[in-house]
Amino acid sequence: MTPWGDPAQQDAPVRQPLPLVAGASVALLGLATGAGLLVFFLTGRSPVLGVVATVALAGSATTVVRRRLSSPARQAVRRRAWAGVRAGLLATVVYDVTRLLVVQVTAVPVRPFEAVPLFGQVLVGASSGSVLTDALGVAYHVANGIGFGFAYALVAGSRGLFAGIAWALVLEALLLAFYPGWLDVRAGREFVSVSMLGHLAYGAALGWSAKVLLEGGGRGPRPDGGERGGT
């Protein structure tokens, strides 16, 4: 069986092209929390069911695909995955700060973090909030942002700013399909504006930072076990 990926590129795992099926299989892991929310919105069942099902599917697919990847392609997967986690975390911070600033500056009647504590409530099936559900909600929100960044980096790699924004607009479309009804949004136009600006900022930060990380900006392990330099 011929492995996917070019064995001749042992010294260039960052730029090693990945077959789409390989990147997408691993990327599914990053979409688990998003899939959990879709399960909740569509069926009313706990997001945990969607998370577990997606992780099981992604784990099975990744196990099968990994056997066909060449060594440099596997290195590329690890490099993209780690870059996606870091870029996703940065983009999540930018997303939240952007929405908060927009609301503070414009004084629109929108609560940018209204959904966050509700995540925790639906996870455990609680009818009201508590310290535990609030903490779970924050964790789920952050996991969403990191997971979407992880998935983006596995599929899009270092394609850059506009690819990141395009991915964020897909996320925005899904949010607008379910959140307004779930949150009983009254100020619809203002809600869309705040959400759109937040996702544009998320996508820009994600695309830019993933590109920088994957093209060698920053410190990290080299294929030979050494350490990459950083400024």
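Residues numbered from 1 in each chain as written. Predicted model: local features only at pLDDT ≥ 70, side-chain atom pairs only at ≥ 80, totals over all residues. Heavy atoms only, no water.

Draft legend 1. Quick peek at the overall build of the protein. The secondary structure content of the protein amounts to eight helices and zero strands. The secondary structure elements of the protein, listed N-terminal to C-terminal, are α-α-α-α-α-α-α-α. Considering the protein as a whole, with its 231 residues, one finds that 42% of them fall into the buried category. Here the protein displays about 11700 Å² of accessible surface, and carbon together with sulfur accounts for 66% of that area. (Helix = DSSP H or I, 4+ residues; strand = E, 2+ residues; numbered from the N terminus. Buried < 20%, exposed > 50% of the residue type's maximum accessible area, 1.4 Å probe, protein only. Areas by Shrake-Rupley, 256 points an atom, 1.4 Å probe, with all protein chains shown as cover.)

Draft legend 2. Representation of the layout of surface pockets within the structure. Volume-wise, the largest pocket comes out at about 660 Å³. In terms of lining residues, the largest pocket is bounded by 33 residues, among which N144, F148, L171, L175 and Y179 are the most central. Listing elements by their share of the lining of the largest pocket, those giving two or more residues are α2 (32-43), α4 (71-106), α5 (115-124), α6 (131-156), α7 (161-183) and α8 (188-214). At eight residues, α7 tops the list of elements feeding residues into the lining of the largest pocket. Its residues placed into classes, the lining of the largest pocket shows 23 nonpolar, seven polar and three charged. (1 Å grid on protein atoms, 1.4 Å probe; cavity = no way out; pocket = protein on both sides within 12 Å on 5 of 7 lines; lining within 4 Å. Points joined across faces, edges and corners; volume = space filled by probe spheres on them. Nonpolar A, V, L, I, M, F, W, Y, C, P; charged D, E, K, R; others polar.)

Draft legend 3. How the structure looks around the packing of aromatic side chains. Evaluation of the coordinates by the stated rule reveals eleven aromatic pairs. Relative to F178, the ring of F41 lies with its centre 5.1 Å away and its plane at 5°, an arrangement referred to as stacked. With a gap of 137 residues between them, F41 in helix α2 and F178 in helix α7 connect regions that are remote in the sequence. Relative accessible area serves as the criterion here: at 22%, F178 is assigned to the partly exposed category. Each residue in the set F40, F41, F119, Y140, F178, Y179 and W182 is aromatic and connected to the rest through ring pairs, giving one cluster. (Phe/Tyr/Trp six-rings, centres within 6.5 Å; stacked < 30°, edge-to-face > 60°.)

Draft legend 4. Region of the structure containing helix α3 (residues 47-66). Between the first and last C-alpha of α3 there are 28 Å, a value that for 20 residues agrees with the 28 Å anticipated at 1.5 Å per step. Where α3 is concerned, the buried positions are P47, G50, T54, A58, T62 and V65. End-on, the buried residues of α3 take up no more than an arc of 85°, which puts them together on one face. Across from the buried face of α3, at angles greater than 90 degrees, the exposed residues are V52 and V64. Next to the buried residues of α3 lie α1 (20-30), α2, α5 and α6. (Expected span 1.5 Å × (residues − 1). Arc of directions from axis to C-beta. Contact = heavy atoms within 4.5 Å.)

Draft legend 5. Just unusual backbone geometry, in detail. Despite not being glycine, A107 shows a phi value in the positive range, around 60°. Within the fold, A107 resides in the loop between α4 and α5. Phi angles above zero are rare outside glycine, and D184 is one such case at about 55°. In this fold, D184 is placed in the loop between α7 and α8.

Draft legend 6. Summary view of the pattern of salt bridges. This model, assessed by the stated rule, comprises four salt bridges. Ionic pairing is found between R99 and D96, a salt bridge with its closest N-O pair at 2.7 Å. Of the two residues, R99 and D96 are both situated in helix α4; the distance of three residues between them amounts to about one turn of the helix. For the pair shown, R99 and D96 are each scored as buried. R111 is the partner of E114 in a salt bridge, and the nearest nitrogen-oxygen pair spans 2.9 Å. Residue classification places E114 among the partly exposed positions, given a relative accessible area of 23%. Using a relative accessible area of 61% as the deciding quantity, one classes R111 as exposed. (Salt bridge = Lys/Arg side-chain N within 4 Å of Asp/Glu carboxyl O.)

Draft legend 7. Seen up close, the nonpolar core. Residues L37, F119, Y179, F191, Y202 and L206 are the most contacted members of the largest nonpolar core, which totals 31 residues. Looking at this core, the elements that each hand over two or more residues are α2, α4, α5, α6, α7 and α8. A22, A27, A81 and A151 belong to the second-largest nonpolar core, a separate cluster that totals eleven residues. (Core = buried A, V, L, I, M, F, W, Y, C linked by side-chain atoms within 4.5 Å.)

Draft legend 8. Structural detail: the packing of α4 against α8. With their axes 7 Å apart at the nearest point, α4 and α8 run at an angle of 150° to one another. When the axis of α4 is compared with that of α8, the two are roughly antiparallel. Between α4 and α8 the crossing geometry is right-handed. Taken together, the residues that form the contact of α4 with α8 break down as 18 nonpolar, six polar and four charged. (Axes fitted to C-alpha atoms, helices over the stretch in contact; angles between N-to-C directions. Parallel < 35°, antiparallel > 145°, perpendicular 65-115°, else oblique. Left-handed = near helix turned anticlockwise from the far one by under 90°.)

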